[in-house]
Amino acid sequence: MFKKFFLTFSSLIFIAGCSMNPISTQKVAAFDISDYSSFNISLSDASDEVRVSPFTATGLKDELRNQLEGLSLVFTEESPDVVFKISLAIEENERFRSRVVYSRGNYYYNDPFYNFYDDDDRSFIRVTAEDSEGKPLWTGLRSIKYVRTQLVLSEEEISKYVQSFIDELIGS
């Protein structure tokens, strides 16, 4: 009985976890990526932040270009139909943590060498598709990961994040 309940419950959690969409998207009602034939990619000025690795920013740009060319779009520098803008941001986040080392009765002793602030910051990526006049057509935003000093993504992570944006772009 318990095994059946546990199997059913864990299956439902797994299916619900897979169906959650971590990307928040918005688009113009008439937007369809197949209506466009050429594109360009730019990095937002905010993406030049010191805490973002230049290899990560360049890797995201190159991977997005490869994925869009796989959709039969042509990369061009001069008068593209749609421009994709990649924005990277890091939200500084300080949360107070405490750790009680010893307690006896009403007296508490805190460890003086313990870091009381959690300094992991969240990083975000936004991909925005704009028309030739600079008006937004589609945008997707997602949290990437927590970072301490610098946002560094591996090639596999870059590929995974860009693929999730492409899936949303095609599916929207």
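Provided above is the structure to which this section pertains.
Residues numbered from 1 in each chain as written. Predicted model: local features only at pLDDT ≥ 70, side-chain atom pairs only at ≥ 80, totals over all residues. Heavy atoms only, no water.

Asks: Help me out: how do you make sense of helix 2 (residues 54–70) in this one?
Replies: An α-helical turn contains 3.6 residues, so any two residues separated by three or four positions project in the same direction. The terminal C-alpha atoms of helix 2 lie 24 Å apart, and with 17 residues this matches the ideal 24 Å at 1.5 Å per residue to within 8%. Taken together, the buried positions of helix 2 are Thr56, Ala57, Gly59, Leu60, Glu63, Leu64, Gln67 and Leu68. On an axial view of helix 2, the arc spanned by its buried residues comes to 160°, and they lie on one face. The outward face of helix 2, more than 90 degrees from its buried face, is lined by the exposed residues Pro54 and Phe55. N-cap assignment for helix 2: the residue whose side-chain oxygen lies 3.2 Å from the backbone N of Phe55 is Ser53. Directly beyond the C-terminal end of helix 2, a positive phi value near 70° is found at Ser72. (Helix = DSSP H or I, 4+ residues; strand = E, 2+ residues; numbered from the N terminus. Expected span 1.5 Å × (residues − 1). Buried < 20%, exposed > 50% of the residue type's maximum accessible area, 1.4 Å probe, protein only. Arc of directions from axis to C-beta. Polar contact = N/O pair within 3.5 Å; in protein donor to acceptor, adjacent residues only side chain to side chain.)

Asks: Sorry if this is basic, but what is going on with helix 3 (residues 155–171) here?
Replies: With 17 residues, helix 3 should cover 24 Å at 1.5 Å per step; its first-to-last C-alpha distance of 24 Å lies within 8% of that length. Along helix 3, the positions that sit buried rather than exposed are Ile158, Tyr161, Val162, Ser164, Phe165, Ile166 and Leu169. In the core, the buried residues of helix 3 are packed alongside helix 2, strand 4 (82–91), strand 9 (121–131) and strand 10 (136–147). (Contact = heavy atoms within 4.5 Å.)

Asks: What is the right way to read the environment of Glu155 from this model?
Replies: Inspection of the secondary structure puts Glu155 in helix 3. On a C-alpha basis, the gap between Glu155 and Phe55 in space is 9.7 Å, while along the polypeptide they are 100 residues apart.

Asks: Explanation requested: the packing of aromatic side chains in the structure shown.
Replies: Each aromatic ring pair is characterised by the separation of its centres together with the angle its planes make. According to the stated counting rule, one finds three aromatic pairs in the structure shown. Ring geometry for Phe39 and Phe75: centres 5.5 Å apart, planes at 70°, overall edge-to-face. Of this pair, Phe39 sits in strand 2 (residues 38–43) while Phe75 sits in strand 3 (residues 74–75); the two residues are 36 residues apart in sequence, bridging distant segments of the chain. This pair shows no difference in class: Phe39 is buried, exactly as Phe75 is. A cation sits over an aromatic face here: Arg65 above Phe75, 3.8 Å from the ring centre. (Phe/Tyr/Trp six-rings, centres within 6.5 Å; stacked < 30°, edge-to-face > 60°. Lys NZ or Arg CZ within 6 Å of the ring centre and 35° of its normal.)

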